[in-house]
Amino acid sequence: MRGPHDELIKAAERAGEPTELVAQPIPGGKPLLRLLQMLDSRGLAASAARVVQDAVPEGLRASFRARALKFSASPPGRGAAAKSKKAAAPEEDSGLTDIARELLTPPPGPPSGSGPQWSSLGPYTIPNGQTYNSSVRVNVSGRISAIAVDPRNPAHVLCGAANGGVWESFDRGGSWAPRTDYQATTTVGAIAFDSTNPSIVYCGTGEGNWWAWLGVGVLRSSDGGTTWSTLCTAPFVGQGFYDLAVGPIHPNNLLAGTTSGLYVSTNGGVTWTQRRSARTWSVAIGSGEWLAACSDGIWRSTNAGTTWTAVALPGSPGAFDRIAVCIAPSNPTVAYAWGANGAAAYLWRRAGGAWTAASSLPPGVSTGQAWYDWYVKAAPDVDTEVYMGAIEAYRGDLSGTTWTWTVISNHTGGAIHPDQHAIAFEPGNPNMVYAGCDGGLFRSADRGNSWASCNNGLVISEFEYIAQNVGQSRWLIGGTQDNGTDRWTGSSSFDHVADGDGGYVAVNHDNPSTVFHTYYNMSPEVSNSNGDWATWSYIPPSLGAGEGNLFYPPMRCTDSNGTTVAIGGGALYISRTNGSPWTRLAFPSAAVASAICIPDADHAYVGTTGGAVLVTSWNGSAWNAISALTSPRSGANVSDILVSSSNLNRIWVASSTLGGGRLFRSDDAGAHWTDCSAGLPNLAVNAIEIDSRNANRVWVALDRGISQSWDAGASWADFSNGLPNCYVGDLCFHPHAWVLRCATRNRGMWEIPVDGWMTAPACGLQFVGTLAANQTQRWFTFNWPATWHVVWTVMPTTFNTVAQITLSMQVQRSSAEFVTYWLTVQNLTNVPVNFEGRFCVLSRY
């Protein structure tokens, strides 16, 4: 999704100013850089190299590597971008075995009745979402990877979110319910009904486009998609599904396309046989033939998938970055193949037995992200109409040999979010089309000429990072994948406050109206109006020549006092005045920042992709040169770093790299480290948070779930009661509401009262006083959290039938975080009175 940052880059280019390479067109686009960064950060270099091998044409790989190295999450000289492999298949990653073993461990189930429980904050929907039509705004949610409509009940729709599970609707997408939150994984790549018995539905886990490495096999539902159970794990653990088809006559025959090849089952999905090892993106079952779209072209079987032969496509390049295939439902002798290789797109149509190349293609079609967003489906009722997905969605109508093309995702009649992943049709009504994209699910009643959002209640937003206002219990802001930066202020409908790719966010502690967010790249913006729409100013640092950075470079502002803010790439850029101006601090050696913590205005800590932990401090007039602390794990990506302003000696460091320790604690300012990983699930640690009331109480976010320690990491227990079994990327603890919030990827934002919600008011005695006859006096009490709901009263302790006192109260907002209560007590009688000043906290939230 293009955003304001892309437009600023273009303006800089027109002015002849230097820009980072990621802003230029790059094979695979921004999603590929994000995926490689994710895989590299986990030490899954072979998996990352395989993605590059399949997504980037061989002739472009050298150029791609040179540019992608600047945005790698691997230490210098390592990772997918640094490899020079060509056609040979990369080796396997040992880390995949660790992930598989962990995911196959029985996961946390539905919410239990005891203890605190997580609850969803939303977003129920995000209005004002972006499209490529500047005059059209739509409600959005998050990335859809699969759609299936019940063959016998057209109002019954299932959709799969990339890492947000299966969702079910009985009113054509008007409302939704999550159905696989507590399966072993929430990743979804494909969904297919058994057309002979629609109560049977299959789901292939592991989204082939992105979340393949979290796949754990096939799920099956016997009640139309409401409840699910694991059908099989082998051979699909660690694989991602692209497509899944059920035989229309023999429903025990299943055909699957995955990241590791083409698979066939003849017993309803219980066991599978691999028929081809080439990456397989698309499958189709017709009358007497099966088709598969693989990295080496279209393949055909006429014996229920036992043997396969290559299909000759005139003008085919032989190998593809992506190719899709379909058989026309209205005429099984007609089929379509839609492929991409480099900058070239290809469309073939088979009528009878001959495949021919289309006489024209959709004008302006982009293949840059074909590995990520690509599909083809023939209209259900006519074999001369075809729908094709890329970044945009297209409808093609054939008359004779002439094609007429319509960009159905972006035209004057309406628009939807770009990046198309899935399409489906309503049985019995070929005009009704469902489209799934990075922005969610959309429905058209007229073959794509107009659209309605189906995103209300589809809580599948993919939040990267979140930040909070410590003076309000109902205020969060988060960056989302391709759906901008969004803000929660208590309503389940979030505010869309910025377009484009949303990355890091930060809120000034002392003045929470000052809010920061980033797009991809070194692209910070600041708002002095609480992050309201159209109040952002672009404040990029001036980068050193040739510097690299992560796709979402880390950015933080001070956790306590002052106006210090920093963003990290190939150096640390830090400001004591909210980002203007910036000071560049070079790292001691070549490195890329992957995490930042600013506990107070005078100290900043940096973690790097190579495992270094760095620190700088303010000496009263300038920032000291950055120095390196002892590394807790050299060569491992630092995913988070946390230091409390109340104790700079204690430093927490998290690592997302598998195959070693993933959480470390230092109690001597980084001189020595304790590995606190024992007892944690063997998954990447993405974020750390501590209880501001108890420094030994720690939470960590993992690739699935959250764990808690009460003893500074000596032991751990699951803390995911009620939380879907999804990827958790960020955490923040509200110090006064006593709630922990988490950012998930494809299940939105969640919160938990870490000690349970208040079940009774908390009352107490604050002060005692004495008033002379008819005297009025004022008391004050300070540093009460502004989030608390407090009632005050006074009670005479002098036993006198005449004595009476009255109370009036004024509230002073002494800071963004705290209030002072001024209590004026008046003696209404002519006798002295002793009294108590009492409080009652009704709620901390």
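Colleague: Help me out: how do you make sense of the pairing of strand β30 (residues 420-426) in this one?
Modeller: Most of β30 sits out of view: seven of its seven residues are buried. Relative to strand β31 (residues 429-437), β30 is paired through six bridges, and the arrangement is antiparallel. If you follow Ile423 over to β31, its bridge partner there is Ala435. What sits between the antiparallel neighbours β30 and β31 is a turn of two residues, in which Gly428 has the positive phi angle 85°.

Colleague: I would appreciate a short explanation of the environment of Ser282 in the present structure.
Modeller: The residue Ser282 is located in strand β16 (residues 280-285) in this model. Within the structure, Ser282 has its side chain in polar contact with the backbone oxygen of Val325 (distance 3.0 Å).

Colleague: How do you make sense of the pairing of strand β47 (residues 603-608) when you look at a structure like this?
Modeller: Remark: a regular strand shows side chains that alternate across the two faces of the sheet. Counting buried residues in β47 gives five out of six residues, a clear majority hidden from the surface. As paired strands, strand β46 (residues 593-600) and β47 are joined by five bridges and run antiparallel to one another. For Ala593, the partnering residue across the bridge sits in β47 and is Thr608. As paired elements, β47 and strand β48 (residues 613-617) share five bridges and run antiparallel to each other. Looking at β48, one finds that Ala604 is bridged to Thr616. Once β47 ends, the chain turns through four residues before running back antiparallel as β48, passing Gly611 with a positive phi of about 95°.

Colleague: Can you walk me through the state of the cysteines in this structure?
Modeller: Within the structure shown, the criterion is met by zero disulfides. Of the cysteine sulfurs around Cys437, a residue in no disulfide, the closest is that of Cys454, at 11 Å. For Cys437, a relative accessible area of 0% translates into the label buried. Between Cys454, a free cysteine, and Cys159, which holds the nearest cysteine sulfur, the sulfur-to-sulfur gap is 8.8 Å. For Cys454, a relative accessible area of 0% translates into the label buried.

Colleague: Quick question: what am I supposed to make of the pattern of salt bridges here?
Modeller: Close approach of charged atoms allows side chains of opposite charge to pair. Here the structure, examined in full by the defined rule, presents 33 salt bridges. A salt bridge links Asp499 to Arg137, with the shortest nitrogen-to-oxygen separation between them at 2.7 Å. On the criterion of sequence distance, the pair formed by Asp499 in the loop between β37 (495-498) and β38 (505-507) and Arg137 in the loop between β2 (126-129) and β3 (138-140) is long-range, its members being 362 residues apart. Residue classification places Arg137 among the partly exposed residues on the basis of a relative accessible area of 35%.

Colleague: Got a minute to help me understand the nonpolar core in this structure?
Modeller: Side chains of nonpolar character tend, in soluble globular proteins, to be buried together. Residues Leu32, Phe64, Ile99, Trp211, Trp213 and Phe516 are the most contacted members of the largest nonpolar core, which totals 47 residues. Within the residue set of this core, elements represented by two or more residues are α2 (29-41), α3 (45-55), α4 (58-68), α5 (94-104), β42 (555-557) and β43 (565-568). Residues Val138, Ile416, Ala737 and Ala743 belong to the second largest nonpolar core, which totals 30 residues.

Colleague: So what exactly am I meant to see when it comes to the packing of α2 against α3 here?
Modeller: For any two helices packed against each other, one specifies the inter-axial angle together with the distance between the axes. For the pair α2 and α3, interaxial distance at closest approach is 8 Å and the crossing angle is 160°. One element, α2, and the other, α3, form an angle in the roughly antiparallel class. Note that α2 runs across α3; the crossing there is left-handed. Facing Leu32, Leu35, Leu36, Leu39 and Asp40 of α2, the residues of α3 in contact are Ala45, Ser47, Ala48, Val51, Val52 and Ala55.

Colleague: So what exactly am I meant to see when it comes to the packing of aromatic side chains here?
Modeller: Pairs of aromatic rings are described using the distance from one ring centre to the other and the angle between the two planes. Inspection of the entire model under this criterion finds 35 aromatic pairs. Ring plane angle 70° and centroid distance 4.9 Å describe the contact between Phe236 and Tyr263, whose orientation is recorded as edge-to-face. Remark: Tyr263 occurs in strand β14 (residues 261-265) and Phe236 occurs in strand β11 (residues 229-237); sequence separation between them is 27 residues. A residue is classified by how much of its surface remains accessible, and Tyr263, at 4% relative accessible area, is buried. With a centroid separation of 6.3 Å and 85° between ring planes, the pair formed by Phe320 and Tyr346 is classed as edge-to-face. Here Phe320, found in the loop between β19 (309-310) and β20 (322-327), pairs with Tyr346, found in strand β22 (residues 344-351); they are 26 residues apart in sequence, far enough to count as distant. Directly above the aromatic system of Trp738 lies the positively charged group of Arg693, at a separation of 4.4 Å from the ring centroid. One cation-aromatic arrangement involves Arg745 over Tyr465; the distance from NZ or CZ to the ring centre is 6.0 Å.

Reading the values: the criteria
Residues numbered from 1 in each chain as written. Predicted model: local features only at pLDDT ≥ 70, side-chain atom pairs only at ≥ 80, totals over all residues. Heavy atoms only, no water. Buried < 20%, exposed > 50% of the residue type's maximum accessible area, 1.4 Å probe, protein only. Helix = DSSP H or I, 4+ residues; strand = E, 2+ residues; numbered from the N terminus. Pairing = 2+ DSSP bridges. Polar contact = N/O pair within 3.5 Å; in protein donor to acceptor, adjacent residues only side chain to side chain. Disulfide = S-S within 2.5 Å. Salt bridge = Lys/Arg side-chain N within 4 Å of Asp/Glu carboxyl O. Core = buried A, V, L, I, M, F, W, Y, C linked by side-chain atoms within 4.5 Å. Axes fitted to C-alpha atoms, helices over the stretch in contact; angles between N-to-C directions. Parallel < 35°, antiparallel > 145°, perpendicular 65-115°, else oblique. Left-handed = near helix turned anticlockwise from the far one by under 90°. Contact = heavy atoms within 4.5 Å. Phe/Tyr/Trp six-rings, centres within 6.5 Å; stacked < 30°, edge-to-face > 60°. Lys NZ or Arg CZ within 6 Å of the ring centre and 35° of its normal.

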